[in-house]
Amino acid sequence: MFGIDANKLAGIAAAAAFSLMVGTPALAQAPAHDHGHDAAAPAKLALDHGKKWATDAPLRDGMTKIRALVEPKIDAAHAGRITPAQYKQIASGVEAQVASIVANCKLAPDADAMLHLVIAELGQGADAMAGKDAKVRPLQGFGRTVTALNEYGRHFDHPGFAPIQTGH
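In every chain, residue numbers begin from 1 and rise along the written sequence. Under the rules for a predicted model, residues below a pLDDT of 70 receive no local features and side-chain atom pairs below 80 are neither given nor counted, while totals for whole chains, interfaces and linings still include all residues. To get the side-chain values, all heavy atoms of the structure are used, and hydrogens and water are removed first.

**What about helix 6 (residues 138–155)?**
Stage number 1. Secondary structure elements are defined from DSSP: runs of H or I of at least 4 residues count as helices, runs of E of at least 2 residues count as strands, and each element is numbered from the N terminus. By this rule, a helix spans an expected 1.5 Å times one less than how many residues it contains. A rise of 1.5 Å per residue sets the reference length of helix 6, with its 18 residues, at 26 Å; its end C-alpha atoms lie 26 Å apart and thus fit the reference within 8%.
Stage number 2. Residue burial is assigned from relative accessible area. The probe radius is 1.4 Å, only protein chains are included, and a residue is buried under 20% of its type maximum, exposed over 50%, and partly exposed in between. Counted residue by residue, helix 6 has 14 buried out of 18 residues, so it is predominantly covered.

**Focus on the packing of aromatic side chains**
Stage number 1. Two rings from Phe, Tyr or Trp (for Trp, the six-membered ring) form a pair when their centres sit within 6.5 Å of each other. Planes less than 30 degrees apart are called stacked, planes more than 60 degrees apart edge-to-face, and all others tilted. Going through the model one piece at a time under the given rule, you end up with three aromatic pairs.
Stage number 2. Centre to centre, the rings of Tyr-152 and Phe-156 are 5.3 Å apart; their planes meet at 15°, and the pair counts as stacked. Accessibility classification places Tyr-152 together with Phe-156 in one group, the buried group.
Stage number 3. Taken together, a centroid distance of 5.0 Å and an interplanar angle of 85° make the contact between Tyr-152 and Phe-161 edge-to-face. Here the two residues Tyr-152 and Phe-161 agree in accessibility, since each one is buried.
Stage number 4. One aromatic cluster in this structure is built from Tyr-152, Phe-156 and Phe-161.

**Details of the nonpolar core**
Stage number 1. Buried Ala, Val, Leu, Ile, Met, Phe, Trp, Tyr and Cys residues form a nonpolar core when they are joined through side-chain atoms within 4.5 Å. Counting residues in hydrophobic clusters, the biggest one holds 37 residues, and the most contacted among them are Met-63, Phe-142 and Phe-156.
Stage number 2. When residues of this core are traced back to their parent elements, those giving at least two are helix 2 (57–70), helix 3 (74–79), helix 4 (84–104), helix 5 (109–129) and helix 6.

What follows is the structure, given as structure tokens:
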């Protein structure tokens, strides 16, 4: 119609949607995810009196593995080249690591309450990537997952955990 290939147009649209998703402060409104602790969940992710929250080995291991699942797919997500089956595979990996974190992570109650916000966002991102939420496209779930990982890195003391570069 305008001399633009349909696949190229789809890729441009996917990149624009992804850019909008990773730039949103979704964690500010994320609901708490209870994984067995009694601490009241905060409404917004915040630092611990200006410092990052302490982590433990199971948390660092799980978040490193989630990052390793997501970061190599950034360019494909921008280009609209991730298939529904690939999104489901990423979602499955995220869910497995979240389950491991929930089962093994032992943080102080306040740090755990903050982690609930990140875990909730990772879960919602995985649900969208897996097609469990018809209102949210898999690309949007991918963007939520990237945002959650980057917010984790900004708020939790995890030496060497680098933010995922989103291309903007």
